[in-house]
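One letter stands for each residue in the lines below.
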Amino acid sequence: MAVLTSTITVDPAYVIGEIDPRMRGSFVEHLGRCVYTGIYEPGHTTADGDGFRFDVRDLTRDLGVSIVRYPGGNFVSGYRWEDGVGPREERPTKLDLAFQSIETNAVGIGEFMAWTRTVGAEAMMAVNLGTRGVEEAAALVEYCNHPGGGYWSDLRHRHGRADPYGIGVWCLGNELDGPWQIGRKPAREYGILAAAAGAAMRRVDPSIQLVACGSSGRRMATYAAWEAEVLEHTYEVVDYISVHAYHGPRGDTRADYVDFMAAGADMDAMITQVIGTSDYVGAKLKSRKRLNLSFDEWNVRHTHGTWRQGHEPWTVAPPLIEDTHSVTDAVVVGSMLNSLLRHADRVTMSCFAQLVNIHAPIRTAAGGPAWRQASYYPMQAVFAHSQGQSIRLAVESPPMTTQSYGDVDQVDAAATRDEDGSLTVFVVNRSLDDAVLSDVVVRAMGQPHVTEHVLLHDDDPDATNTHDHPDRVRPRHLDPPGLDGGRLQVMLPPRSWQMIRIVDDAGRRNA
Ligand code: AHR
């Protein structure tokens, strides 16, 4: 193993932007075991009076999730929200065509909103623009957000909920560019529908913020052209354009794994390109408005495509896409988080997908325990220290040559400055083999001192947490390195993620 060198320079004066609290988002979809036996399992030993699992609730709270997208995903494109409200015994059981599963509708809007309160998060609601349209979307906004006096808001009253839910963010459909999507549409058709639905929804509640669907991935044939055409129709109506990205090794070769380690570089490129496309449309329309990005699906995913069709027999909550995240996957997650932080000025909302069981940081056994996957840890640390600004870094790194992205930095880093003035530097060594001895130079801090140094790394790159060994992979607290003249040194093992927390002792004394 070679040991290379790098330098990371951090100066808290170089601010990228304020980190929006909505960057700490997640996603709960009626898919597989995310809802049923994920967040909700009446009869489970930890279930509360509403049937929600306390163990999952506690893990969600500890993760620090601020906003949760619901109810899909592909599921929403065939969903009738009316099926999931009102007395449970009157709710219909339906075939969910998106995942060829049985949907009991035991959980719907009311239950989900009650659950979001227990985890301290806000909801991001998606409307069905696959099989439905303007009228149903506006009716849903009325049901959720209007005080009363109309049919749908009065129905909410009859369902026992007088106060409006006040849901602030609404997704105009999901991945309608995807051949797998129920009611898939060409960009022009989707753009016209999304603009009309969004305008009607705003008539019901002018305070809502709207997200138009961007491409389902950077590899889509219509990528960028889709965003440009959709935004031609929706630019003045919406506040965000969505971005989705999943990464896993695309094959078994070494080059596939090197590409996988560079997933954050792909995210960087995608974010830059979608910003460029959106700003181009804004310029063309001579608009004074600037849209932000909602990166509302992202994560490591190993299962490709096969989960989309053909599950026989049709069952409730089949175990779909229950990817296990190894320590290497967690390192890649850390580098995806770094990419989001580096773009905090324009990516102002993001949701890792999904919260429980579906390529998720939390796993459950039906009737059994819940545990943290390795990917839980970098998410938790970044969310805990994304309470202020994102700070621009200067990184001098050895290059890493990839087959898909050219040369990328082997050392990938991001930094934040919390409201209390503390700095946090997140560092990933993307190399499969080489360690890096890295200098971290801290500028413009009177008496910087490291309070915490955490490492996520394992000699076995495939190490995972499981039902039987839920704590096999955990971050380790190292002895905080000393600072000499504003410079510290850290060793970055290959395939590792680290967090270094720095406070200014001089600032503290003067405070
Ligand atoms: O997360 C699973 C699926 O992936 C979501 O339903 C869809 O939006 C995406 O393609």
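Along each chain, residue indices are assigned from 1 in the same order as the chain's sequence is written. For a predicted model such as this one, the threshold for reporting local features is a pLDDT of at least 70, and the threshold for listing and counting side-chain atom pairs is 80 or more; totals across whole chains, interfaces and linings nevertheless cover every residue. As a rule here, side-chain values cover all heavy atoms of the structure and leave hydrogens and water aside.

A. Representation of the overall build of the protein within the structure. Looking only at helices and strands, the protein has 11 helices and 23 strands in total. When the backbone C-alpha atoms are referred to their principal axes, the protein occupies close to 70 × 60 × 50 Å. For this analysis, residues touch if any pair of their heavy atoms sits within 4.5 Å. Partitioning the intrachain contacts of the protein with sequence separation of at least 6 by distance along the chain shows that 77% fall at a separation of at least 24. As used throughout, the charge tally considers Lys and Arg to be positive and Asp and Glu to be negative, leaving His and the chain termini uncounted. We put the charge of a Lys on NZ, of an Arg on CZ, of an Asp on CG and of a Glu on CD. Here the protein carries 48 positive and 66 negative side-chain charges, and the mean point of each set is 4 Å from the other. Each helix is a run of H or I in the DSSP string that is no shorter than four residues. Each strand is a run of E no shorter than two, and both are numbered from the N terminus.

B. Quick look at helix α2 (residues 109-119). Among the 11 residues in α2, eight count as buried, and that is most of the element. Here α2 has its buried residues at I109, E111, F112, M113, A114, W115, T116 and V119. Considering only its buried residues, α2 is in contact with α1 (54-63), β3 (67-70), β6 (122-127) and α3 (134-145). G120 occupies a position one or two residues after α2 and carries a positive phi of about 75 degrees. Summary of the burial criterion: residues with accessible area below 20% of their type's maximum are buried, those above 50% are exposed, and those between are partly exposed, where the area comes from a 1.4 Å probe applied to protein chains only.

C. Fine view of the domain arrangement of the protein. These domain limits were set by an automatic method or by a database of domain assignments. Partitioning the protein into structural domains gives domain 1 (3-12 + 390-510) and domain 2 (20-386). Between domain 1 and domain 2, the C-alpha centre-to-centre distance is 30 Å. With 41 residues of domain 1 at the contact, the number on the domain 2 side is 40 residues. Once two parts are brought into contact, the accessible area they lose, counted with a 1.4 Å probe and summed over both, makes up the buried area. Summed over both sides, the interface of domain 1 with domain 2 buries roughly 3,300 Å², with 62% coming from carbon and sulfur. Whenever Lys or Arg places a side-chain nitrogen within 4 Å of a carboxyl oxygen from Asp or Glu, that contact is recorded as a salt bridge. The tally of links between domain 1 and domain 2 comes to two salt bridges. A salt bridge links R342 to D412; its shortest N-O distance comes to 2.8 Å.

D. Region of the structure containing the site of the ligand. Any residue with a heavy atom lying within 4 Å of a molecule or strand is counted as near it. Lining the immediate environment of the ligand, one finds 13 residues, of which E29, N74, N174, E175 and E297 sit closest. Between N174 and the ligand, the recorded distance is 3.1 Å, taken from a side-chain N or O atom to an oxygen atom. In protein, a polar contact requires one atom able to donate a hydrogen and another able to accept it; more generally it is a pair of N or O atoms within 3.5 Å, and residues adjacent in sequence count only if both atoms are side-chain atoms. E297 places a polar side-chain atom, nitrogen or oxygen, 2.6 Å from an oxygen atom of the ligand. Reported accessibility uses the Shrake-Rupley method at a 1.4 Å probe radius. Residues are deemed covered only where the shown protein chains occlude them. In the complex, the protein chains occlude 99% of the 290 Å² of accessible area that the ligand would expose alone. Classification convention: Asp, Glu, Lys, Arg as charged; Ala, Val, Leu, Ile, Met, Phe, Trp, Tyr, Cys, Pro as nonpolar; all other residues, Gly among them, as polar. Tallied by class, residues from the shell around the ligand come to four nonpolar, five polar and four charged.

E. Here's a closer look at the pairing of strand β16 (residues 406-409). One ladder, built from four bridges, connects strand β15 (residues 399-402) with β16; its direction is antiparallel. Bridge pairing links M400 to V408 in β16. Here the rule is simple: two strands pair whenever DSSP picks up at least two bridges between them. Following β15, the chain reverses through three residues before pairing antiparallel with β16.

F. Spotlight on the packing of α3 against helix α4 (residues 151-158). Note on geometry: axes are lines fitted to C-alpha atoms, helical ones only across the stretch in contact, with angles between N-to-C directions running from 0 to 180 degrees. Remark: α3 packs on α4, axes separated minimally by 7 Å, with the N-to-C direction vectors making an angle of 40 degrees. Relative to α4, the element α3 is oriented oblique. Like other packed secondary-structure pairs, α3 and α4 cross with a definite hand, here right-handed. For the pair α3 and α4, contact is made by A139, E142, Y143, C144 and N145 and by Y151, W152, S153, L155 and R156, respectively. Among the residues forming the contact of α3 with α4, the class breakdown is six nonpolar, two polar and two charged. To sort the angles, those under 35 degrees are grouped as roughly parallel, those over 145 as roughly antiparallel, those from 65 to 115 as roughly perpendicular, and the leftovers as oblique. The hand of a helix crossing depends on one turn: near helix anticlockwise from the far one by less than a right angle means left-handed, and clockwise means right-handed.

G. Spatial organisation of the environment of R342. Along the polypeptide, R342 turns up in helix α9 (residues 327-342). What makes R342 partly exposed here is its relative accessible area of 23%. Spatially, the C-alpha atom of R342 lies 17 Å from that of T7, the residues being 335 residues apart in sequence. Residues within four places of R342 in sequence aside, it is in contact with I16, G264, D268, S390, D412, A413, A414 and R430.

H. Here's a closer look at helix α10 (residues 376-384). Where burial is concerned, most of α10 is hidden: seven out of the nine residues are buried. Taken residue by residue, α10 has Y376, Y377, P378, M379, A381, V382 and F383 as its buried positions.

I. Geometry of the side chain of H244. Looking at the element boundaries, H244 is found in strand β9 (residues 240-247). Given the relative accessible area of 1%, H244 is considered buried. A polar atom in the side chain of H244 sits 2.6 Å from the side chain of E175. Side-chain polar atoms of H244 contact the side chain of D296, separated by 2.6 Å.

J. View of the pattern of salt bridges. One pass over the structure, following the stated rule, counts 26 salt bridges. Between D83 and K94 there is a salt bridge; the shortest N-O distance is 2.6 Å. One end of the pair, D83, is in the loop between β3 and β4 (94-96); the other, K94, is in strand β4, and 11 residues separate them in sequence. Here K94 falls in the partly exposed class, since its relative accessible area comes to 32%. Here E452 makes a salt bridge to R501, at a shortest N to O gap of 3.8 Å. In this pair, E452 is assigned in strand β20 (residues 448-456) and R501 in strand β23 (residues 496-504), connecting sequence segments 49 residues apart. Overall, R501 belongs to the buried group, its relative accessible area being 9%. Salt bridges sharing partners connect three or more residues here, namely D268, R342, D412 and R430.

K. Fine view of the sheet that holds strand β14 (residues 388-396). Taken in spatial order, the nine strands of this open sheet run β21-β20-β23-β18-β17-β14-β1-β19-β22, and their pairing is mixed. Edge positions in the sheet fall to β21 (476-478) and β22 (487-492), since each has one partner strand and no second. Sheet twist, expressed as the average angle between the axes of neighbouring strands with direction ignored, equals 25 degrees. With eight bridges connecting them, strand β1 (residues 3-18) and strand β19 (residues 435-442) associate as parallel partners. Across the sheet, the residue bridging to V10 is V442, located in β19. On top of the sheet, α9 reaches β1, β14, β17 (411-418), β18 (423-429), β20 and β23; it is set at about 55 degrees to β17, its chief contact.

L. View of the pairing of β19. The buried fraction of β19 amounts to seven of the eight residues, a majority that puts the element mostly inside the structure. Summarising the sheet, β19 and β22 pair through six bridges and their orientation is antiparallel. The residue bridging V436 from the neighbouring strand is L492, located in β22.

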